[in-house]
Amino acid sequence: AQSVTQLDSHVSVSEGTPVLLSCNYSSSYSPSLFWYVQHPNKGLQLLLKYTSAATLVKGINGFEAEFKKSETSFHLTKPSAHMSDAAEYFCVVRKGGGSQGNLIFGKGTKLSVKP
Amino acid sequence: EAGVTQFPSHSVIEKGQTVTLRCDPISGHDNLYWYRRVMGKEIKFLLHFVKESKQDESGMPNNRFLAERTGGTYSTLKVQPAELEDSGVYFCASSQGQGRRNTIYFGEGSWLTVV
């Protein structure tokens, strides 16, 4: 069965410093992986997705993630944090089989950005 | 182009009452999904429509929840009678196709509080 693990429920960084949000997945076959972000009182916005093409995926707002099969990881990074990056981030794996829309969410990581 | 829209954005009801949430997917999207996040838990899949048919309803918690998509356009999710544990945010999402490369777009959510 597919699953994702986000070990950090909360990460705090200073503005201008790098961001690293961890995600490890479990999947019995080549997964589709996503990062979604939810800003306060807003909906879920797709940051980036991996669907078996290039392993380094670039997303919006300067975020990127690297798919590492050997480590079963899909960590989210950004070179320099901005105050507007403060939000909750979800690592997501898509369940295969009959329902391609059945997304399995991690518990989420709340990112705080200090001035 | 309008995104996924949900109504109401916020709702406060008493235990035992009925609430109906509405979702309008992106125009032309045959696939419509419902997810929810109850307090302190992960975002969980509820069900998936393809046009007006239920493709997968494995995530529906119990028979107090009824989802419909008459005519294959907008969808409603009715909770009757509502219980305290139903409090949370209900997300609707849509996609054009079902394949790995189809992006699933989320709405801003309907925040439900049962008191």
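Residues numbered from 1 in each chain as written. Chains lettered and ligands numbered in written order. Predicted model: local features only at pLDDT ≥ 70, side-chain atom pairs only at ≥ 80, totals over all residues. Heavy atoms only, no water.

Re the overall build of chain B
Step number 1: A count of helices and strands for chain B gives zero helices and eleven strands.
Step number 2: For 115 residues, the compact-globule estimate of 2.2 N^0.38 gives 13 Å, and the C-alpha radius of gyration of chain B, at 13 Å, lies within 12% of that figure.
Step number 3: Reported as C-alpha extents along the three principal axes, the dimensions of chain B are approximately 40 × 25 × 25 Å.
Step number 4: When the 115 residues of chain B are sorted by exposure, 50% land in the buried category.
Step number 5: Expressed as a percentage of contacts within chain B between residues at least 6 apart in sequence, the contacts between residues at least 24 apart total 53%.
Step number 6: About 5,700 Å² of surface is accessible on chain B, with carbon and sulfur atoms providing 47% of the total.
Step number 7: One finds the centroid of the 13 positive side-chain charges in chain B at a distance of 5 Å from the centroid of its 13 negative side-chain charges. (Helix = DSSP H or I, 4+ residues; strand = E, 2+ residues; numbered from the N terminus. Rg over C-alpha atoms; globule rule 2.2 N^0.38 Å. Buried < 20%, exposed > 50% of the residue type's maximum accessible area, 1.4 Å probe, protein only. Contact = heavy atoms within 4.5 Å. Areas by Shrake-Rupley, 256 points an atom, 1.4 Å probe, with all protein chains shown as cover. Lys, Arg positive; Asp, Glu negative; His and termini not counted. Charge placed at Lys NZ, Arg CZ, Asp CG, Glu CD.)

Some words on the state of the cysteines
Residue and element names in this part refer to chain B.
Step number 1: For the coordinates displayed, the defined rule picks out two disulfides over all chains.
Step number 2: Covalently, C23 is tied to C92 through a disulfide, its sulfur atoms 1.8 Å apart. An S-S torsion of about -70 degrees defines the bridge between C23 and C92 as left-handed. With a gap of 69 residues between them, C23 in strand 3 (residues 19-24) and C92 in strand 9 (residues 88-95) connect regions that are remote in the sequence. Take C23 and C92: they sit in the same class, and that class is buried. (Disulfide = S-S within 2.5 Å.)

As for the pairing of strand 7 (residues 65-68) of chain B
Residue and element names in this part refer to chain B.
Step number 1: On strand 7, burial follows the alternation: F65 and A67 on one face are buried, whereas L66 and E68 on the facing-out side are not.
Step number 2: Pairing of strand 7 with strand 8 (residues 75-79), which is carried by four bridges, proceeds in the antiparallel orientation. If you follow E68 over to strand 8, its bridge partner there is T76.
Step number 3: Counting the residues between successive antiparallel strands, the hairpin from strand 7 to strand 8 contains six residues, one of them, G71, with a positive phi of roughly 80 degrees. (Pairing = 2+ DSSP bridges.)

A word on the packing of aromatic side chains
The relation between two aromatic rings is expressed through the spacing of the ring centres and the mutual angle of the planes.
Step number 1: Applying the stated rule across the entire model yields 14 aromatic pairs over all chains.
Step number 2: Taking the centre distance of 6.2 Å and the plane angle of 40 degrees together, the rings of A:Y36 and A:F105 count as tilted. Taken as a pair, A:Y36 in strand 5 (residues 33-38) and A:F105 in strand 11 (residues 103-105) lie far apart in primary sequence, 69 residues in all.
Step number 3: For A:Y36, a relative accessible area of 1% puts it in the buried group.
Step number 4: One aromatic cluster in this structure is built from A:F34, A:Y36, A:F90, A:F105, B:Y35, B:F45, B:F91 and B:F106. (Phe/Tyr/Trp six-rings, centres within 6.5 Å; stacked < 30°, edge-to-face > 60°.)

Let's talk about the interface of chain A and chain B
Put simply, an interface is often sized by how much accessible area is lost when its parts join up.
Step number 1: Facing the 25 residues of chain A at the interface are 22 residues of chain B.
Step number 2: Of the roughly 2,100 Å² buried between chain A and chain B, counting both surfaces, carbon and sulfur atoms make up 45%.
Step number 3: Taken together, the connections running from chain A to chain B amount to two salt bridges.
Step number 4: A:E88 is the partner of B:R37 in a salt bridge, and the nearest nitrogen-oxygen pair spans 3.0 Å.
Step number 5: Along the contact surface separating chain A from chain B lie six residue pairs in polar contact (both at pLDDT 80 or more).
Step number 6: Elements with a minimum of two residues in the side of chain A that touches chain B: strand 5, strand 6 (44-50), strand 10 (87-94) and strand 11 of chain A. (Buried area = accessible area lost by both parts, 1.4 Å probe. Salt bridge = Lys/Arg side-chain N within 4 Å of Asp/Glu carboxyl O. Polar contact = N/O pair within 3.5 Å; in protein donor to acceptor, adjacent residues only side chain to side chain.)

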